[in-house]
Amino acid sequence: MEVYKGTGAFSGIAVGKILYYHKSEYQVHQYEITDIKEEITIFQQARLKVMEQLTRLYEENCTVSESQAELFLNQKKLLEGKSFQQAIESMIRSEKVNSAYAVMTTRDEISSTFRNLEEPAIKERIAGICEISDRLISELGGFSPRIDLGPDPVILVTENITPTELMEMDKDKLLAVVTHQGSDISHAAILAKTMNIPALVEIDTDTEWDGQCAIVDGYTGTLYINPDGELLKEYEIRRQADLEEKEELLKLRDKPDITRDGKKVAIFANIGNMDDLNSVLFYRAAGIGLLRSEFQYLGRENYPRENELFLAYRKIAETMGDRLAVIRTSDLGADKQAPYLNIPDEINPIMGNRGIRLCLDRKKMFKAQLRAIFRASAYGNLAMMYPMITSEEEMDEIEKIVREVTEGLDEKNVPYKKIKTGIMIETPAAVMISRELARRVDFLGLGTNDLTQYTLAMDRQNPLLRNKYNDHHPAVLRMIKMVIDAGHEENRPVYICGELAADTALTEMFLRMGVDGLSVVPACILPVRRALRQATISTCEK
Ligand code: PEP
Ligand code: MG
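Anyway, here's the lowdown on the structure attached to this text. (Residues numbered from 1 in each chain as written. Chains lettered and ligands numbered in written order. Predicted model: local features only at pLDDT ≥ 70, side-chain atom pairs only at ≥ 80, totals over all residues. Heavy atoms only, no water.)

### A closer look at the packing of helix α12 (residues 363-377) against helix α13 (residues 392-411)
- Between α12 and α13, whose axes approach to 10 Å, the crossing angle comes to 55 degrees. In this view, α12 runs oblique relative to α13, as classed from their interaxial angle. The hand of the α12/α13 crossing is right-handed. Each of K363, F366, K367, L370, R371, F374 and R375 in α12 lies in contact with α13, whose residues at this interface are E397, I398, I401, V402, E404, V405, T406 and L409.
- Tallied by class, residues from the contact of α12 with α13 come to eight nonpolar, one polar and six charged. (Axes fitted to C-alpha atoms, helices over the stretch in contact; angles between N-to-C directions. Helix = DSSP H or I, 4+ residues; strand = E, 2+ residues; numbered from the N terminus. Parallel < 35°, antiparallel > 145°, perpendicular 65-115°, else oblique. Left-handed = near helix turned anticlockwise from the far one by under 90°. Contact = heavy atoms within 4.5 Å. Nonpolar A, V, L, I, M, F, W, Y, C, P; charged D, E, K, R; others polar.)

Shown next, in the form of structure tokens:
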């Protein structure tokens, strides 16, 4: 038996067989070739095409940022180099495999051999090799869009996973997700939580584990490979206890969200897509506090059409009835990418053109979403909220666009409601001007995930910062209090919808601060409801 320690991104216990999700194994088909010479020509042609691509990218980006554009030149040099080409050609010759598969395998071998080296130059070279390999595979037509997990449920282990990949998997086949990269508040981990699947991050994963039996303990962040009989028995008991605990919690399903001393504080649900609506109803959430609408833009070939968005939002509005459902306008960019978006490579995408910035750059996309939201508003109690706001000027621009959209609907006599709007406070800049921002809208939503990373200047997904990333940092907690006070001074309710809202160690503190609502993934509604119902706030100092 082997034991690995990482971080539990979502609690729960899973026992089952590992499927090592070798990204490309499921995207690149391997087949035997008969004509080696022809296959090498195919590879060489793809290589030349990618080199042309890189030259073009260099020229296009040169005017924007010389240093960024240089990355493309460096990648081109790697493609010109003999060693990478020889490795691929020799694999095609010796194993008689297709070139896309040979590229993928070579890439994986190189990156797994050097992945633990910290030397920046080597890291950069590996990243370059991965990048050119992906371009080559794509040129060779290697990718197939869907991800097949096989017939039985599995524990998915992989180096890294994107929200898009996770969304493409069949949720019923996933017992747990274990990754090397990412953190407990990376979007893939949040998605796993929303799917109610135990998740571990920062585990030093190994392709050799494929097919082996394992236990995932999301509470302690531990992975056991080939557990012995004793441990399996123990975990069967724990799994049972886990289920019993969940049964116990289920008794709270119909209980009101009210503290011991009678203060009502709504608990809302954070969701990523329509499938989550059932859990929102099941756990009796007060409403939807955050629909991460951008997930509807991922894992597809092109922008969703306005009508497609409208139908989805209408379904939410109708399902929720009188209960509030807050649609956050798309927060694309950073780790939420789709090829058709063609977001130019950024040196630091977390600080890049994401969220509202991208929407204001792509007004056609933004307007289509706004129109869909307004049209759907006629069917229920929708609200909308803007992500990544940093200034009042952004609000000026948004208000102008909203006016254009509603005037357009008026002209065509399309029915819609005057819906409530909110701003996400998730940058230190927004915290400092939260009073001014509060005046512009009906409510504020604290996005503590981004607020923490921008306040600490630590990438929320960087595993190297695992022991340094402190989301209970006094600076973050004080900012939360500042925003609640600022909102209240302007008579606006303030909700928390980042992952901290589900941290029951902080529930009482948030209540004392005067928060008006907490929005958490559906699976965390009952634990938070329990913490809230056990809290007494009137006796506590403010
Ligand atoms: C946040 O930043 O806290 C938030 C809710 O938004 P996301 O996690 O989707 O960035
Ligand atoms: Mg955010």
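### What about the site of ligand 1?
- Near ligand 1 lie 16 residues; those nearest to it are H187, R292, R328, G447 and N449.
- At 3.3 Å, a backbone N or O of G447 approaches an oxygen atom of ligand 1.
- R460 has a polar side-chain atom sitting 2.9 Å from an oxygen atom of ligand 1.
- Its free accessible area being 290 Å², ligand 1 has 100% of it covered by the protein chains.
- A molecule is said to occupy a pocket when more than half its atoms come within 2 Å of that pocket's grid points, and by this definition ligand 1 occupies the second largest cavity.
- The set of elements that each furnish at least two residues to the shell around ligand 1 consists of α7 (187-194), β10 (288-292) and α16 (448-456). (Near = heavy atom within 4 Å. Polar contact = N/O pair within 3.5 Å; in protein donor to acceptor, adjacent residues only side chain to side chain. Areas by Shrake-Rupley, 256 points an atom, 1.4 Å probe, with all protein chains shown as cover. 1 Å grid on protein atoms, 1.4 Å probe; cavity = no way out; pocket = protein on both sides within 12 Å on 5 of 7 lines; lining within 4 Å. Sits in = over half its atoms within 2 Å of the grid points.)

### Focus: the coordination of the magnesium ion (ligand 2)
- The protein atoms that coordinate the magnesium ion (ligand 2) are E426 (OE) and D450 (OD), at distances of 2.0 to 2.2 Å. On the criterion of sequence distance, the pair formed by E426 in the loop between β13 (420-425) and α14 (428-432) and D450 in helix α16 is long-range, its members being 24 residues apart.
- E426 gets classed as buried once you look at its relative accessible area, which sits at 2%. (Donors = N, O, S within 2.8 Å, 3.2 Å for Na, K, Ca; no water. Buried < 20%, exposed > 50% of the residue type's maximum accessible area, 1.4 Å probe, protein only.)

### Considering the layout of surface pockets
- Of the volumes computed, that of the second largest pocket is approximately 1,200 Å³.
- Broken down by element, the lining of the second largest pocket gets its largest block of residues, eight residues, from helix α8 (residues 229-250). (Points joined across faces, edges and corners; volume = space filled by probe spheres on them.)

### What to know about α8
- With 22 residues, α8 extends 31 Å between its outermost C-alpha atoms, agreeing within 8% with the 32 Å of an ideal straight helix rising 1.5 Å per residue.
- Among all positions of α8, only L231, Y235, D242 and L249 are buried. Along the axis of α8, the buried positions cluster into a sector of 30 degrees, meaning they face one direction only. Exposed residues pointing more than 90 degrees away from the buried face of α8 are listed as E230, K233, I237, E244 and E247.
- As for α8, its buried residues are in contact with β3 (13-20), β7 (213-217), β8 (222-225) and α19 (525-534). (Expected span 1.5 Å × (residues − 1). Arc of directions from axis to C-beta.)

### Brief notes about the sheet that holds β10
- Taken in spatial order, the eight strands line up as β9-β10-β11-β12-β13-β14-β15-β16 and close into a barrel, and their pairing is parallel. Between one strand axis and the next, the sheet turns through 25 degrees on average, direction left out of account.
- Here four bridges tie strand β12 (residues 382-386) to β13, and the two strands are oriented parallel to one another. Looking across to β13, one finds that M384 is bridged to T421. (Pairing = 2+ DSSP bridges.)

### A look at the packing of aromatic side chains
- Tallying each qualifying case throughout the model produces eight aromatic pairs.
- Geometrically, the ring pair formed by Y224 and Y235 is tilted, given 5.4 Å between the ring centres and 55 degrees between the ring planes. Linking Y224 in strand β8 with Y235 in helix α8, this pair joins segments that are eleven residues apart in sequence.
- For the ring pair F282 and Y283, a centre distance of 5.0 Å and an interplane angle of 80 degrees mean the geometry is edge-to-face.
- A relative accessible area of 13% places Y283 in the buried class.
- Every member of this aromatic cluster is reached through a ring pair, and the members are F268, F443 and Y495.
- The aromatic ring of F282 is capped on one face by R253, whose charged end is 4.3 Å from the ring centroid. (Phe/Tyr/Trp six-rings, centres within 6.5 Å; stacked < 30°, edge-to-face > 60°. Lys NZ or Arg CZ within 6 Å of the ring centre and 35° of its normal.)

### Describing empty space enclosed by the protein
- For the structure shown, the criterion picks out three cavities of 30 Å³ or more.
- Of the voids in this model, the largest cavity is the one considered here, and its volume is about 80 Å³.
- What lines the largest cavity is F268, I288, G289, L324, V326, M385, F443, G445, Y495, C497 and S519.
- Every element with two or more residues in the lining of the largest cavity is listed here: β10 and β14 (443-446).
- Along the lines of polarity and charge, the residues of the lining of the largest cavity split into eight nonpolar, three polar and no charged.
- Around the second largest cavity, the lining residues are H187, R292, R328, D331, M424, E426, G447, N449, D450, R460, C497 and G498.

### Examining the sheet that holds strand β4 (residues 154-158)
- Pairing in this open sheet of eight strands is mixed, and the strands run β1-β8-β7-β3-β4-β5-β6-β2 from one edge to the other. On the outer flanks of this sheet lie β1 (2-5) and β2 (7-10), each paired with one strand and no other. Looking at each pair of strands side by side, their axes are set apart by 30 degrees on average, direction ignored.
- In the packing of α8 onto the sheet, the strands contacted are β3, β7 and β8, and the crossing angle to β3 comes to about 120 degrees.

### With respect to the pattern of salt bridges
- Summed over all chains, the structure comprises 37 salt bridges.
- The shortest N-O distance in the salt bridge between D257 and R529 comes to 2.5 Å. Of this pair, D257 sits in the loop between α8 and β9 (266-271) while R529 sits in helix α19, placing them 272 residues apart in sequence.
- Look at D257 and you get buried, because its relative accessible area is 13%.
- For R529, a relative accessible area of 1% gives the class buried.
- The partner of R512 in a salt bridge is E508, with the nearest N and O atoms 3.4 Å apart. Highlighted residues: R512 and E508, both in helix α18 (residues 507-513), separated by four residues, approximately one helical turn.
- Since its relative accessible area comes to 37%, R512 is described here as partly exposed. (Salt bridge = Lys/Arg side-chain N within 4 Å of Asp/Glu carboxyl O.)

### As for unusual backbone geometry
- At E202, a residue that is not glycine, the phi angle is positive and equals roughly 65 degrees.
- Take E202: its relative accessible area is 10%, and that puts it in the buried class.
- For R284, which is not a glycine, the phi torsion comes out positive at approximately 55 degrees.
- Its location among the elements puts R284 in the loop between α9 (277-282) and β10.

### Topic: the nonpolar core
- Core analysis: the largest hydrophobic core is formed by 107 residues, its most contacted members being L166, Y313, I480 and F510.
- Setting aside anything within four residues of it in sequence, one finds Y313 in contact with L291, S293, Q296, I327, Q369, A372, I373, A376 and L382. (Core = buried A, V, L, I, M, F, W, Y, C linked by side-chain atoms within 4.5 Å.)

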